[in-house]
Amino acid sequence: MMRRFCLLLSFLIFVQFTAADEARSAHLKGIYSLYMTVDTSMASDIQSSESLDLNDIMELQLRRGNVALNTYVLNQPEVNIPLIQLSIDTSSRIASGEFELIVQVRDFVTIDRNGEKTVATVFEMRRRGSSSSGSKQVEVIKAELRDLMGDFVTTFREVNPKR
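Residues numbered from 1 in each chain as written. Predicted model: local features only at pLDDT ≥ 70, side-chain atom pairs only at ≥ 80, totals over all residues. Heavy atoms only, no water.

Observations concerning the packing of aromatic side chains
Okay, step 1: Tallying each qualifying case throughout the model produces two aromatic pairs.
Okay, step 2: Aromatic rings pair up to connect Phe123, Phe152 and Phe156 into one cluster. (Phe/Tyr/Trp six-rings, centres within 6.5 Å; stacked < 30°, edge-to-face > 60°.)

Observations regarding the nonpolar core
Okay, step 1: Counting residues in hydrophobic clusters, the biggest one holds 31 residues, and the most contacted among them are Leu34, Leu62, Ile84, Ile88, Val105 and Phe152.
Okay, step 2: Mapped onto this core, the elements with two or more residues apiece are strand 1 (33-42), helix 2 (48-64), strand 3 (83-89), strand 4 (98-113), strand 5 (116-130) and helix 3 (135-159).
Okay, step 3: Tallying contributions element by element places helix 3 first for this core, with eight residues.
Okay, step 4: Once residues within four sequence positions are removed from consideration, isoleucine 84 is found in contact with Leu34, Tyr35, Met36, Thr37, Met58, Leu62, Val103, Gln104, Val105, Met149 and Phe152. (Core = buried A, V, L, I, M, F, W, Y, C linked by side-chain atoms within 4.5 Å. Buried < 20%, exposed > 50% of the residue type's maximum accessible area, 1.4 Å probe, protein only. Helix = DSSP H or I, 4+ residues; strand = E, 2+ residues; numbered from the N terminus. Contact = heavy atoms within 4.5 Å.)

With respect to the pattern of salt bridges
Two side chains bearing opposite charge may form a pair once their charged atoms approach each other closely.
Okay, step 1: The tally for this structure, following the rule as stated, stands at eight salt bridges.
Okay, step 2: Salt-bridge contacts for glutamate 100 lead to arginine 128; the nearest nitrogen and oxygen are separated by 3.6 Å. Remark: arginine 128 occurs in strand 5 and glutamate 100 occurs in strand 4; sequence separation between them is 28 residues.
Okay, step 3: Residue glutamate 100 is classed as buried on the basis of its relative accessible area, which comes to 6%. (Salt bridge = Lys/Arg side-chain N within 4 Å of Asp/Glu carboxyl O.)

Function cannot be inferred from these measures alone, as they are strictly geometric.
Right under this line is the structure:
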């Protein structure tokens, strides 16, 4: 009896998470190309060459998944929509070697926040990780980014099958 109850409970939890993921990814439906940018402003320990490597990893994973990319126009945020942005945060956890990767997609949805029009985030994925600080941390971030972008491409392709 207890075993059946546990199986039923685990099934119900699985269904809830699946439904939540489907609802979250539904906002990606109908997006056929993206602008892309990497924000390392919260990761002062990442050098500019390492930032370029992270940009290349992100772009490569998207292109391998046949996600069309447009050229990002600097200083014109209204032109760069829909936008996929990778934010890397190591600032508050430098000593412990922890980091957080955040992939956000913003679309043509604007909201009024404090009297200003703001482009809303319609999709978000987060990953946390840790390693020893220094050059090894960047390698761990790169590996985690590959996995994160692989998961994003899979989710994107589920709601936008290849044409």
